[in-house]
Amino acid sequence: MDVTTILETLNPAQQEAVVSDRKHLLVLAGAGSGKTRVLVHRITWKVQVENIAPHAILAVTFTNKAAREMRERIDRLLGFSLKGMWVGTFHGLAHRLLKLHWRDAELDENFQILDSDDQLRFIKRIMKNLNLDEQRWPPRQAQWWINAQKDEGIRASHIQSTDDPYIKTMLDVYREYEVTCKRSGVIDFAELLLRSLELWRQNSAVLSHYQQRFKHVLVDEFQDTNAVQYAWLRVLAGKLGEVTAVGDDDQSIYGWRGAKVENIRNFQVHFEETHLVRLEQNYRSTSNILRAANAVIQRNAGRLGKKLWTDAGDGEAVALYAAHNEHDEARYITDRINNWLSDGNRRDEIAILYRSNRISRVLEGALLQADIPFRVYGGQRFYERIEIKNTLAYLRLIVDRCNDSAYERVVNFPPRGIGDRTLESIRQEARKQDSSLWEAALAMTSGGRLSGRASNAVEGFAELINSMSEDLTDATLANFAETAIQKSGLKDFYRREKGEVGLSRVENLEELVAACRNFYPDEEERSELLQFLDQVSLDAGDRRVEDGEDAVQLMTLHSAKGLEFPLVFMVALEENIFPSKMSLDEPGRLEEERRLAYVGITRAKKKLFISYAENRSMYGAGSGSYNPISRFIREIPAGVLEEVRLRSAITRPTSLGSRGLQSDEGEGTGFYLGQQVNHQVYGEGVILNFEGNGPRARVHVKFAGVGMKILILSSARLSPT
DNA sequence: AAGGCAAATGTTTTT
DNA sequence: CATTTGCCTT
């Protein structure tokens, strides 16, 4: 392959990025500007033109899907397989490292990955043992806290104990959690990253091996890196490694999970001699859509700055629909969808995007009613389903009897007469002799220390696992899984379960067998089953691209990142919903919400519909709440917006107000959102929300010191400050 | 130990 | 409203 083939399909900015020979490279790639393309072509360039060995390249992404895609595209462009190039997710690569250096990393050889579900179970157990009140200290919160620490690279031992009861309690749980994980030979997602970072930091021989090897490090979606991932990259790059980072600070939407936009903003500070390239030409959307996106994101402070443009024409205006309520909104959407379809378009070109999953419910109902096939993404993923996890637990136990979380999950599932009391005594024994549950159970049954019935049941379980284990020899993975599902009693259990739920569970079990059949191991030494289990822990089995069925796609704005659709509906653009109520006080979080709006708008290729409901019921039928129109709608210039009104405004004047789209006003009140006001009793505050209208209109005001108050506007006698 | 009923509880989620 | 959770009964 010659130079021109790599470059000819690229625009000048893309070419500049691909051939850059400064030490480091930061590519600020706007939505739809061809970032993956640049990454793939740059790798090809290095191999084909600069004669860099594939062996010396490490490319890292966040999702398995992105990693797969990158691998395929490099393969295709390069014309030969990756040959020792490391391409994978942060977690996948970290896992690989830890597998190779398990001894140096002080891990069990067969360490297992703890998914967030199992992690929560662990933490619940620990908190129970510590006699912590679940009401006062919700385990989810502890899980959140621990993960947040780990994402920052903070170990329990790094934290100073304080008098603060919250920190004290969390720290106790964290400490105990570390011990439990170690004893059980499991590591959680955050631990994969942190442990591999520590491995490098503490073991210079291992580190220098990888520094010698990976002279070229490339990172996708750089704006989503957290503190540990960033440190990981810096350590690996060392003084000599060359780093290419591709990302978009405007699309950083995972701050709440520890991602640091600062990482991309500071890149040029920490990585000297950086060449900065902006990709601003967008190949996805019409001008009108981009104008809307640019105008919204422009409101954020501290951006690296970037303005998308396109060769494409203006296209249609962005449509805005003010719905009476969520049902009206849903009906409007199904009507538009039917129009689109009757023009001969496909359903899978359509996406409906929302801030939070609960919004989808009414839409699902409407689509069902309108007979429009759809698929809701997000929510449960394949390998997270309970029936799948149970099956996998059997498989894990067969591979490793000492896997306590697997043991706990299935000792008594399907029910076989091993209750809480029995299990608790086994747990105690395990803790006493510092062994696995399996070993403790064995000791107790052979020592006759369990009642006859319990003893028989526990023994029976052990025999079951042992006998399943024998089936492993010379069966194919799929056949083995099938027998396991059979013998464990899972199949019978779910078959007997009534309703559609049971049916779909049996189907999922069959699908798992199919997944086994389609699995191709890539290592020689380790057994197929071991490799399968590892892959499954790291890949949730997101089946988004599934069978290419022609269905409308419903998903959250978060899960829409990276996707594009000719026709996009952004729904429920109301204050407190989008932007979400939780993000309203902190400016940083509000900016993240705005980025989310930017992500949403830029998903649309041809036509974007935005809608909001003047009244939205929280759950089901209640009277519902009046949320003001989302500020993000106001931030879209009037020129690209076209307000659709199907009926005359009877119930409520449009929240846009007579002064048009630019106003930030709570209609007819004389006040506006975010305004500083004074109250005779509460003092100074800021207006966060309007509710209702007419004489009953109320305002939500957050007062300094006093907190949030809801006041009747007509009697509160607020004055502007 | 297992099943049934009332009460609690509801952002976003790459791995 | 709809789903999950924990308590209570058998």
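The structure we're discussing is the one just above.
Description of the structure in this document. Here the structure is a predicted model, which means the values were calculated and not measured.

With 48 residues, the main nonpolar core has Y407, F461 and F532 as its most contacted residues. Core analysis: the next-biggest nonpolar cluster, separate from the first, contains 43 residues, L192, V206, V243 and V261 among them.

Before going further, it helps to examine the packing of aromatic side chains. Summed over the entire model, instances satisfying the criterion amount to 26 aromatic pairs. Arranged with centres 6.2 Å apart and planes meeting at 15°, the rings of Y210 and F214 form a pair that is stacked. Residue Y210 is classed as buried on the basis of its relative accessible area of 3%. Judged by its relative accessible area of 1%, F214 is buried. For the ring pair Y230 and F271, a centre distance of 6.2 Å and an interplane angle of 80° mean the geometry is edge-to-face. With Y230 in helix α11 (residues 227-237) and F271 in the loop between α13 (267-270) and β8 (274-279), the pair connects residues that are 41 residues apart, well separated along the chain.

What follows covers the pairing of strand β2 (residues 57-61). Most of β2 sits inside the fold, with five of its five residues counted as buried. Every second residue of β2 is oriented toward a common face, with I57, A59 and T61 on one face and L58 and V60 on the other, all of them buried. Sheet topology places β2 next to strand β6 (residues 216-219); four bridges connect them, and they run parallel. The residue of β6 that forms the bridge with L58 is V217. Handedness of the crossover is the feature at issue here: the chain leaves β2, passes through helix α4 (residues 64-78), returns alongside strand β3 (residues 86-89), and the resulting connection is right-handed.

To continue, consider the state of the cysteines. By the definition in use, this model includes zero disulfides. Looking at C402, it has no disulfide partner, and the nearest cysteine sulfur is the one in C181, 16 Å off. Assessed through its relative accessible area of 31%, C402 is described here as partly exposed.

Any two side chains of opposite charge can pair, so long as their charged atoms come close to each other. Applying the stated criterion across every chain yields a total of 52 salt bridges. Across the pair K561 and E221 runs a salt bridge, and its minimum N-O distance is 3.6 Å. Here E221 lies in the loop between β6 and α11 and K561 lies in the loop between α26 (557-560) and β13 (565-570), a separation of 340 residues in the sequence. Grouping residues by exposure puts K561 and E221 together as buried. Residue E564 pairs with K605 through a salt bridge whose shortest N-O separation is 3.2 Å. Taken together, the positions of E564 in the loop between α26 and β13 and K605 in strand β14 (residues 604-615) put the pair 41 residues apart, joining distant regions of the chain.

Adjacent strands of a sheet form backbone hydrogen bonds with each other and so pair up, either parallel or antiparallel. If you walk across this open sheet you meet the seven strands as β11-β12-β10-β13-β14-β9-β15, and the pairing is parallel. Of all the strands in the sheet, just β11 (374-376) and β15 (641-644) have a single pairing partner and so form its edges. Here the average twist between neighbouring strands, direction ignored, is 25°. Of the pairings in the sheet, the one linking β11 to strand β12 (residues 552-556) comprises three bridges and is parallel in character. Bridging from a neighbouring strand, R375 pairs with Q553 of β12. Docked against the sheet, helix α15 (residues 326-342) engages β9 (318-325), β10 (350-354), β12, β13, β14 and β15, running at close to 140° with respect to β9.

Right, let's talk about the protein's contact with DNA strand B for a bit. Around DNA strand B, 33 residues are found, and the nearest of them are R257, R355, R381, T556 and R589. Close to the protein, within 4 Å, the atoms of DNA strand B are drawn from sugar and phosphate at a rate of 50%. Within the contact set of DNA strand B, a phosphate oxygen lies 3.4 Å away from a backbone nitrogen or oxygen of G417. Between DNA strand B and R589, the relevant distance is 2.3 Å, taken from a base oxygen to a side-chain nitrogen or oxygen of the residue. If you list the elements that add at least two residues to the surface near DNA strand B, you get α19 (420-432), α26 and α27 (587-601). Examining the composition of the surface near DNA strand B, we find that three residues originate from one element, α19, more than from any other. Classifying every residue of the surface near DNA strand B by side-chain character gives nine nonpolar, 15 polar and nine charged.

What counts and how
- Residues numbered from 1 in each chain as written.
- Chains lettered and ligands numbered in written order.
- Predicted model: local features only at pLDDT ≥ 70, side-chain atom pairs only at ≥ 80, totals over all residues.
- Heavy atoms only, no water.
- Core = buried A, V, L, I, M, F, W, Y, C linked by side-chain atoms within 4.5 Å.
- Buried < 20%, exposed > 50% of the residue type's maximum accessible area, 1.4 Å probe, protein only.
- Phe/Tyr/Trp six-rings, centres within 6.5 Å; stacked < 30°, edge-to-face > 60°.
- Helix = DSSP H or I, 4+ residues; strand = E, 2+ residues; numbered from the N terminus.
- Pairing = 2+ DSSP bridges.
- Right-handed = clockwise from strand over helix to strand, strands pointing away.
- Disulfide = S-S within 2.5 Å.
- Salt bridge = Lys/Arg side-chain N within 4 Å of Asp/Glu carboxyl O.
- Axes fitted to C-alpha atoms, helices over the stretch in contact; angles between N-to-C directions.
- Contact = heavy atoms within 4.5 Å.
- Near = heavy atom within 4 Å.
- Polar contact = N/O pair within 3.5 Å; in protein donor to acceptor, adjacent residues only side chain to side chain.
- Nonpolar A, V, L, I, M, F, W, Y, C, P; charged D, E, K, R; others polar.

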